[in-house]
Amino acid sequence: DIKTENKDYQNYVINNLLVPLVNNGVDGFRFDAAKHIELPTDDGCASQFWPTVINGSQATTSNQIFYYGEILNGCGTDAGNFTKYMSITDNNSGDAILVAANNSNAAGLANSSYKKGASANKSVLWVESHDTHMGGSGSAGISNTSRVSDDKIIKAWAMVGSRADSTSLFFARPAYNMGDASSNTTYKSKPVAEVNKFKNYFAGQSEYLSCDGSIAYNERGTSGVVLVNAHGTNTSVNVKANKMANGTYTAEAYVKDSSGNEATASKTVSYQGY
């Protein structure tokens, strides 16, 4: 084990690993297995690794660096002991959303809680990761997410990727094992890309997650909404607008035609509150 409590090593991480990357344009870092590195609050094995490394590298640039730690399942301590320094992965929340999509559970898709207890702006979500794809670590009941269809992944992503304040990661699936070349291009499909654009467009605006029948939806601000049909691919949507302002909107549905190609169905709709 590396002696992370050693000051010389902490300075090495700053000056030889992080700062050269920052100087070359890197603006974010992921720390794998972050919960296995001691915190200043840890009883009997505390050290200043995290504040030294993060504050020390941030101090070398005027650009805001994004730091997050991979913390699978339990933290082993209060999440706030990590989030005072960095964001953390909330695999429990993302895993649960995928299970909801896979089970056609609209209420589960619309669950807005963060299971790690971290605030939204300190939470990193995903629908699938390299760990869950290869099996054995799904925290919500799916031990191997490679068996989940791309369509279910997209439905879960529509909710996870449209969340306010949190950061979301989309996993590009390999052919079979990690590192195998793949022809799967779900990560750049139309609905995934549009959810990403939606999230960026509504940055800083509120969210309101709810469900009605088979539809889970996330209203952002008062002028945008992502709707997900938890049951199948064809339905008529008639749901309550909780936050949307009166007005005329362009509605787009992302579907596949009879040949399996992506198609976009667009129409203009008017909403008057009630």
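Our subject is the structure that appears above.
Residues numbered from 1 in each chain as written. Predicted model: local features only at pLDDT ≥ 70, side-chain atom pairs only at ≥ 80, totals over all residues. Heavy atoms only, no water.

Some thoughts on the pattern of salt bridges
Working step 1: Per the counting criterion, the structure on display carries seven salt bridges.
Working step 2: Between Asp32 and Arg30 there is a salt bridge; the shortest N-O distance is 2.5 Å.
Working step 3: Under the relative-accessibility criterion, Arg30 is labelled partly exposed at 30%.
Working step 4: For the salt bridge of Lys197 with Glu194, the shortest nitrogen-to-oxygen distance reads 3.2 Å. Taken as a pair, Lys197 and Glu194 lie in helix 8 (residues 190–201) at a separation of three residues, close to a single helical turn.
Working step 5: Here the salt bridges do not stand alone but share partners, grouping Arg30, Asp32 and Glu70 into one network. (Salt bridge = Lys/Arg side-chain N within 4 Å of Asp/Glu carboxyl O. Buried < 20%, exposed > 50% of the residue type's maximum accessible area, 1.4 Å probe, protein only. Helix = DSSP H or I, 4+ residues; strand = E, 2+ residues; numbered from the N terminus.)

Quick notes on the pairing of strand 6 (residues 207–212)
Working step 1: Sheet analysis places strand 6 next to strand 7 (residues 215–220), joined by six bridges and oriented antiparallel. Note on strand 7: the bridge partner recorded for Glu207 is Arg220.
Working step 2: The turn joining strand 6 and strand 7, which pair antiparallel and follow one another in sequence, is formed by two residues; a positive phi near 60° is taken by Gly213. (Pairing = 2+ DSSP bridges.)

Digging into helix 8
Working step 1: Under the 1.5 Å per step criterion, the end-to-end length of helix 8 is 16 Å for twelve residues, consistent within 8% with the ideal 16 Å.
Working step 2: When helix 8 is considered as a whole, its buried residues turn out to be Pro191, Val192, Glu194, Val195, Phe198 and Lys199. The buried residues of helix 8 occupy an angular sector of 165° when projected down its axis, which confines them to one face. Along helix 8, the residues that are exposed and aim more than 90 degrees away from the buried face are Asn200 and Tyr201. (Expected span 1.5 Å × (residues − 1). Arc of directions from axis to C-beta.)

Some points on the environment of Thr61
Working step 1: Position of Thr61 relative to the elements: it lies in the loop between helix 2 (49–58) and strand 2 (66–69).
Working step 2: Counting along the chain gives 22 residues from Thr61 to Thr83, while the straight-line C-alpha distance between them is 21 Å.
Working step 3: Here Asn63 takes part through its backbone nitrogen, which lies 3.1 Å from a polar atom of the side chain of Thr61. (Polar contact = N/O pair within 3.5 Å; in protein donor to acceptor, adjacent residues only side chain to side chain.)

Focus: the side chain of Ser123
Working step 1: As for its position among the elements, Ser123 is in strand 4 (residues 123–126).
Working step 2: Once residues within four sequence positions are removed from consideration, Ser123 is found in contact with Ile88, Asp90, Tyr114, Ala118, Ser166 and Thr167. (Contact = heavy atoms within 4.5 Å.)

Here's the deal with the sheet that holds strand 6
Working step 1: The three strands are arranged 6-7-8 in an open sheet whose pairing can be described as antiparallel. Two strands close off the open sheet at either side, each with one partner strand: strand 6 and strand 8 (224–229). Averaged over neighbouring strand pairs, the angle between their axes works out to 15° when direction is ignored.
Working step 2: Strands strand 6, strand 7 and strand 8 of the sheet are contacted by helix 7 (residues 150–160), whose axis makes an angle of about 155° with strand 8. (Axes fitted to C-alpha atoms, helices over the stretch in contact; angles between N-to-C directions.)

Remarks on empty space enclosed by the protein
If a probe the size of a water molecule is rolled over the atoms, the empty space left behind becomes visible.
Working step 1: According to the stated counting rule, one finds three cavities of 30 Å³ or more in the structure shown.
Working step 2: The calculated volume of the largest cavity comes to roughly 110 Å³.
Working step 3: Around the largest cavity, the lining residues are Ser93, Ala96, Ile97, Leu109, Asn111, Ser113, Lys115, Leu125, Met159, Val160, Arg163 and Leu209.
Working step 4: The biggest single contributor to the lining of the largest cavity is helix 4 (residues 91–102), with three residues.
Working step 5: In the lining of the largest cavity, the residues fall into seven nonpolar, three polar and two charged. (1 Å grid on protein atoms, 1.4 Å probe; cavity = no way out; pocket = protein on both sides within 12 Å on 5 of 7 lines; lining within 4 Å. Points joined across faces, edges and corners; volume = space filled by probe spheres on them. Nonpolar A, V, L, I, M, F, W, Y, C, P; charged D, E, K, R; others polar.)

Some remarks on the packing of helix 7 against helix 8
Working step 1: Look at helix 7 against helix 8: their axes get within 10 Å of each other, and the N-to-C directions meet at 5°. Relative to helix 8, the element helix 7 is oriented roughly parallel. Here helix 7 contributes Ile154, Trp157 and Ala158 to the contact with helix 8, which in turn contributes Pro191, Val192, Val195 and Asn196.
Working step 2: Residue classes in the contact of helix 7 with helix 8 are distributed as six nonpolar, one polar and no charged. (Parallel < 35°, antiparallel > 145°, perpendicular 65-115°, else oblique.)

So, the state of the cysteines
Working step 1: Scanning the model with the defined rule gives zero disulfides in all.
Working step 2: Cysteine Cys75 shares no disulfide, and the gap to the nearest cysteine sulfur, in Cys45, comes to 15 Å.
Working step 3: Take Cys75: its relative accessible area is 11%, and that puts it in the buried class. (Disulfide = S-S within 2.5 Å.)

Comments concerning the nonpolar core
Working step 1: Residues Leu98, Leu109 and Val127 are the most contacted members of the largest nonpolar core, which totals 30 residues.
Working step 2: At the level of elements, helix 4, helix 5 (106–109), helix 7, helix 8 and strand 8 are the ones that each hand at least two residues to this core.
Working step 3: By residue number, the principal contributor to this core is helix 7, which donates seven residues. (Core = buried A, V, L, I, M, F, W, Y, C linked by side-chain atoms within 4.5 Å.)

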